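Observations on the three-dimensional arrangement
The primary structure of each chain is shown beneath.
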Amino acid sequence: MNLHGALEFLNDYPEMSFGPMKSRELNLRGTFRFRANYEGGPIIEDRYELEILIPEGFPIELPKVKELKGKIPRDNNYHINPDDTLCVGSPLRVILKLQESATLNTYAEECLVPYLYAVSYKLKNGGDFIFGELEHGKKGIFNDYCDILGLTNPNQVAKALSLLCMKKRIANKKICPCECGKRLGSCNFHIKLNTLRLVAPRSFYKKHLLDLI
Ligand SMILES: [Zn+2]
Ligand SMILES: [Zn+2]
């Protein structure tokens, strides 16, 4: 069984341990303690009781993290999903962060700690989410994808996402989402989409992105 770096993770976060395995998901739970500072912000030390489920298909299937003690208010201002999992970033943003090294420690350092830092900061100081130009939900995700794809509006993003769900050969014959009026294959935008095809397979885009459209 692939542990996705769970042993190294438990070494770095020793108050977490293996929980009961559910179906084919690894289960890690316990106290997640961190110390971090970002963007010239204050150093924050804090801890959360977490359950982290890591699907067998990680990183194409993303981890699901729940906060167990109700420390994080359950509302959109704190980026909690309807299924009570933490919204640590849009699926595409998360998988881009895991591109170089798809391990649990990378997930913790690049996704989980920045999210929890922002939560702790907001709990203490109020105000907006510190990395939080992004609104929670579809609108925020679309804005994030505009940024990742270098596009300007949600309509273009929806078209680009649907092309990522198609085979390259077929997508290249379609009208380019950047609104250049050419076919995708004749516009440099196809290079951008091809780099994203290397990050994740079509199944990922179908699973995580098609329901946005
Ligand atoms: Zn969110
Ligand atoms: Zn174009």
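Heads up: the structure comes first, above all this text.
Everything in this summary refers to the structure shown in the same document.

Rules used throughout
- Residues numbered from 1 in each chain as written.
- Chains lettered and ligands numbered in written order.
- Predicted model: local features only at pLDDT ≥ 70, side-chain atom pairs only at ≥ 80, totals over all residues.
- Heavy atoms only, no water.
- Donors = N, O, S within 2.8 Å, 3.2 Å for Na, K, Ca; no water.
- Helix = DSSP H or I, 4+ residues; strand = E, 2+ residues; numbered from the N terminus.
- Buried < 20%, exposed > 50% of the residue type's maximum accessible area, 1.4 Å probe, protein only.
- Patch = residues over 30% accessible without salt bridge, like charges linked within 9 Å, V, L, I, M, F, W, Y side chains within 5 Å.
- Areas by Shrake-Rupley, 256 points an atom, 1.4 Å probe, with all protein chains shown as cover.
- Salt bridge = Lys/Arg side-chain N within 4 Å of Asp/Glu carboxyl O.
- Lys, Arg positive; Asp, Glu negative; His and termini not counted.
- Charge placed at Lys NZ, Arg CZ, Asp CG, Glu CD.
- Tetrahedral: all angles 85-135°; square planar, octahedral: opposite > 155°, others 65-115°.

1. Some words on the coordination of the zinc ion (ligand 1)
- Around the zinc ion (ligand 1), the protein contributes the donor atoms His79 (ND1), Cys87 (SG) and His136 (ND1), at 2.0 to 2.2 Å from the metal centre.
- For the zinc ion (ligand 1), the donor residues sit on a single chain with the sequence spacing H-x7-C-x48-H. One end of the pair, His79, is in the loop between strand E4 (64-67) and helix H2 (91-97); the other, His136, is in the loop between helix H3 (104-125) and helix H4 (138-149), and 57 residues separate them in sequence. Comparing His79 with His136 shows no difference in burial state: the two are buried.

2. Some details on a positive patch on the surface
- Together, Lys167, Arg169, Lys173, Arg183, Arg202 and Lys206 give the surface a local cluster of positive charge.
- Take Lys167: it is sitting in the loop between helix H5 (154-164) and helix H6 (168-171).

3. What about the coordination of the zinc ion (ligand 2)?
- With distances of 2.3 Å, the protein atoms coordinating the zinc ion (ligand 2) are Cys176 (SG), Cys178 (SG), Cys180 (SG) and Cys187 (SG).
- For the zinc ion (ligand 2), the four donor atoms in the first shell make angles of 107 to 113 degrees at the metal, a pattern classed as tetrahedral.
- By relative accessible area, Cys178 is classed as partly exposed at 27%.
- The class for Cys180 is partly exposed, based on a relative accessible area of 32%.

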